[in-house]
Structure formats: C-alpha cells, structure tokens
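Spelled out from the first residue to the last, the chains are:
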Amino acid sequence: MTHHDIVIIGGGPAGLAAAAAARKAGVQDILILERDRVLGGILNQCIHNGFGLHTFKEELTGPEYAGRYIDMVEAEKIPYKLNTIVADVSPAREVTYINREEGLVTIQAGAVILAMGCRERPRGALNTPGYRPAGIYSAGTAQRLMNIEGYQVGKEVVILGSGDIGLIMARRMTLAGAKVKVVAELMPYSGGLKRNIVQCLDDYGIPLKLSHTVTQIHGKERLTGITIAEVGPDRNPVPGTEEYYSCDTLLLSVGLIPENELSKGAGVSMNRVTSGPNVDDRLETEVEGIYACGNVLHVHDLVDFVSQEATLAGQNAAAYVLRGKEAEKGRKVPLLAENGVRYTVPQTLNVDTMEDAVTVRFRVADVYKDRYIAIYYNDKLISRKKKKVLAPGEMEQVILKKSSFADYPDISRIKICTEVE
C-alpha cells in the first residue's frame, strides 16, 4: 500500500490553504484528492468580488482568490489528483479513492485533512407541495449554470431563502436581465451577511419578506408561479396571508450542509448543531491524526476565515506527522455554548499544549441588540464585550490566551454565552 505523510480530501480553498501550510511547516509528501476537473472548489463559480480583504488585503473575485492558492500549490509542486472520488476513509487513516486512470486505490496516510466543503439543502428537505416542474434550482446550481456553463436560467424569478448565495444570485440574475420579484425568508431574520442584503437587494429594489415561505408551486411541466404566505412563530403558514407571484424560475437558498459522509465513515464524532466534526484547538477530530477545516467543519460566512482555519489544520497535521505521532498530554477542557450562542469551534481546548492564543468562532441563535459576549472559566466571569448587533448570518469570534489559564489549575469548563445588561 502506498503511503503519503498527509492526504488532503478536497481541492477547494480549505484544502489548498492546508496543503500550502503543511508544506511550509516542513512536510514534503502531501497529496490532494479533488473530485472536480479543476482545483479551486466553489470559488470558481463565485465571479463576484468581496473575497480576500482579510487574507490578501485587497478585494478579489472568487476565481482570483482561488488562483492565489492554486499558484502556491503549483509553485511548491504539491501533487494533486483531479476527477478523483474518495470513497472511504478508515479510522486507521486508510483512504480509498477511485478515478478513471487508476481504478480503485487504497493508500495509507500519516495524517488526513478533511476539506470536502458543503452542499446545498435540496427541495426534498422542504416538503413544499406541488409538482416537480422545470424551473426550480438550488441557488448554487443556478450560479454554476450562469457563471461557468453560460446559460440564462430564467426571466421571472422568486428566491426562497436569504442565504448569501441566494442574495448574490438575486443581483446576478438582475444584472443578466431577469426580474427578481421577491426574496422570501422563513425566519424573522436574514441568513446572509448584512452587506449582501444592502448590495444585492436594497441597491436593486428587490423586496425581502421575512417570516414568509412558499406554500404552493404552480405548474406541472414548467413552473408558472408560486404562492407565498406569512408564517407565525410556530413557522406554520398563517391563513389569509397568501400572495401569488407569476414566475418561470424558483431559486432555493435554504441552507448549507457540511459534506461529512466520509467523516462519519472514519468514526469521527459529529456535532449535532454544526453537522461537522467535533475538534480540539488543533482542529484534530476525536480520531487521532484526522483533522477538519473549512465548510466541512462548520459553514463560514467569509472564505478568508476558511483559509485561516485551514492554515492552522495544515500546520498541526504537519506537526503531528513530524513529531512521530506521539500524543501530547494535557488538560482538555470543553467549551460550552449557552444562552444564545449556538455552538463553538473548537469544541475542546487543551489548556496546557495550546498555542499562545486560540480563536474560537461561533454563531448566535437569533438577532440580538445591545448584548454582551461573555466568557466564563468554570463559574468565574473572565470578560464581557458589548456588541450593538449580533445576527445568525454573521460569524463571531473570541480569542482565548494561554496565559489567562495560569490562575485556573482546576478549570473544568469554558462557557461562552450572550448576556443582557
């Protein structure tokens, strides 16, 4: 069986950044496995700008951002296989893949980095009544058809869901000459970034209807229209609030799901909130030598944060391989998300072996105004920071410093929560 020091599954922004970081950390034997025909992942179809402000201090399009990391990988001559499907990852870090040239192959990895990204939630998860006519797309599929394949997918459009891809596609279709009639959102708040609401909807006069959903799809062979209705606090439609919109296209932007079938097969412990692996401050899963980063770990709002996270995963996977896989001892302390904080990444922190500072990322459960983000060691309040607005669409972060644990030799838990005055 062929051996590689580090095998990275996924050649998108997370996998590329992890590979570049691992090589810089001193590991030479790295292999990237990518199922698409090119490197770059989802960024190849994201032709809008707004990428790279944190990482490269300039505004780039998605393909330009991906190109920077592809150039790094090419410059370092890190090998990769395209059109290659990974079929299985075992707890012993045996990776089985298949492609046209080699057939079915199993290789042994010193360390594995999971960087498979995420997929869109499909219509089947929504239980929307009606036939299955032509003209219904996930927002990402429509984006690919327009930006890579060169098709116009519709002329009269309704969008269900206000995730970032849906908001960006509202602008994209408007610029292509389509009429976007409305964006309906089930929740009482948008799932996208505030800047995308302003730049993609407000600037083009596209209405956003919160607490609304599609209750009926009209048309049998081809979509002819949809009915939306207001929903109550129980998320059920309110009778008498129905509105009909004629349209030939319905885009679904109703959430992203981390691609974790391989993770589960490897025996990795999964988080019920993020739908990604549970990891420690080194981004190592509970299966030794298997790391996770990017949207396979939790859905990010900015690709710059994906790259930061993947760089950390690449550095730590390299350290694991180079130190001979000796387990580092220390106190692993759980991070608890409470009172409005939905989850944290990482989920545990080794207070003895951690870096000098660890970034903890999280999302909140609702829109909150004038609240504090509080950190507790055991039951002792360590810090409070006031935020004017907290929203589920915007990822938040706090930084925990190793020096702050010196006075807490008996620490058993770290709590991150929101608090009012």
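For the structure, see preceding data.
Residues numbered from 1 in each chain as written. Predicted model: local features only at pLDDT ≥ 70, side-chain atom pairs only at ≥ 80, totals over all residues. Heavy atoms only, no water.

Draft legend 1. Broad picture of the overall build of the chain. The helix and strand inventory of the chain stands at seven helices and 25 strands. Over its C-alpha trace the chain gives a radius of gyration of 22 Å, about what one expects of a compact globule, namely 22 Å for 421 residues. Expressed as a percentage of its 421 residues, the buried residues of the chain come to 53%. Counted over contacts in the chain with a minimum sequence separation of 6, partners at least 24 positions apart contribute 63%. Surface accessibility of the chain: about 18,700 Å² in total, with carbon and sulfur atoms responsible for 50%. Between the averaged position of the 49 positive side-chain charges in the chain and that of its 52 negative side-chain charges there is a distance of 3 Å. (Helix = DSSP H or I, 4+ residues; strand = E, 2+ residues; numbered from the N terminus. Rg over C-alpha atoms; globule rule 2.2 N^0.38 Å. Buried < 20%, exposed > 50% of the residue type's maximum accessible area, 1.4 Å probe, protein only. Contact = heavy atoms within 4.5 Å. Areas by Shrake-Rupley, 256 points an atom, 1.4 Å probe, with all protein chains shown as cover. Lys, Arg positive; Asp, Glu negative; His and termini not counted. Charge placed at Lys NZ, Arg CZ, Asp CG, Glu CD.)

Draft legend 2. Summary view of the sheet that holds strand β24 (residues 396-401). With antiparallel pairing, the three strands of this open sheet are ordered in space as β19-β21-β24. On the outer flanks of this sheet lie β19 (341-345) and β24, each paired with one strand and no other. Taken pair by pair, the neighbouring strands of this sheet meet at an average axis angle of 30°, ignoring direction. Across four bridges, β19 lies against strand β21 (residues 357-364) in antiparallel orientation. Along β21, the bridge assignment pairs threonine 344 with phenylalanine 362. (Pairing = 2+ DSSP bridges. Axes fitted to C-alpha atoms, helices over the stretch in contact; angles between N-to-C directions.)

Draft legend 3. Expanded view of helix α4 (residues 164-175). Between the first and last C-alpha of α4 there are 17 Å, a value that for twelve residues agrees with the 16 Å anticipated at 1.5 Å per step. Within α4 the residues assigned to the buried category are Asp164, Gly166, Leu167, Ile168, Met169, Ala170, Arg171 and Met173. Where α4 is buried, its residues touch α3 (139-147), β9 (156-160), β10 (179-185), α5 (194-201) and β15 (249-252). Two residues or fewer after α4 comes glycine 177, characterised by a positive phi angle close to 100°. (Expected span 1.5 Å × (residues − 1).)

Draft legend 4. Expanded view of the side chain of threonine 96. Turning to its location among the elements, threonine 96 is positioned in strand β5 (residues 94-99). The class for threonine 96 is buried, based on a relative accessible area of 14%. There is a polar contact of 2.9 Å between the side chain of threonine 96 and the side chain of threonine 106. Aside from chain neighbours lying at most four places away, what touches threonine 96 is Ile85, Val86, Ala87, Asp88, Leu104, Val105 and Thr106. (Polar contact = N/O pair within 3.5 Å; in protein donor to acceptor, adjacent residues only side chain to side chain.)

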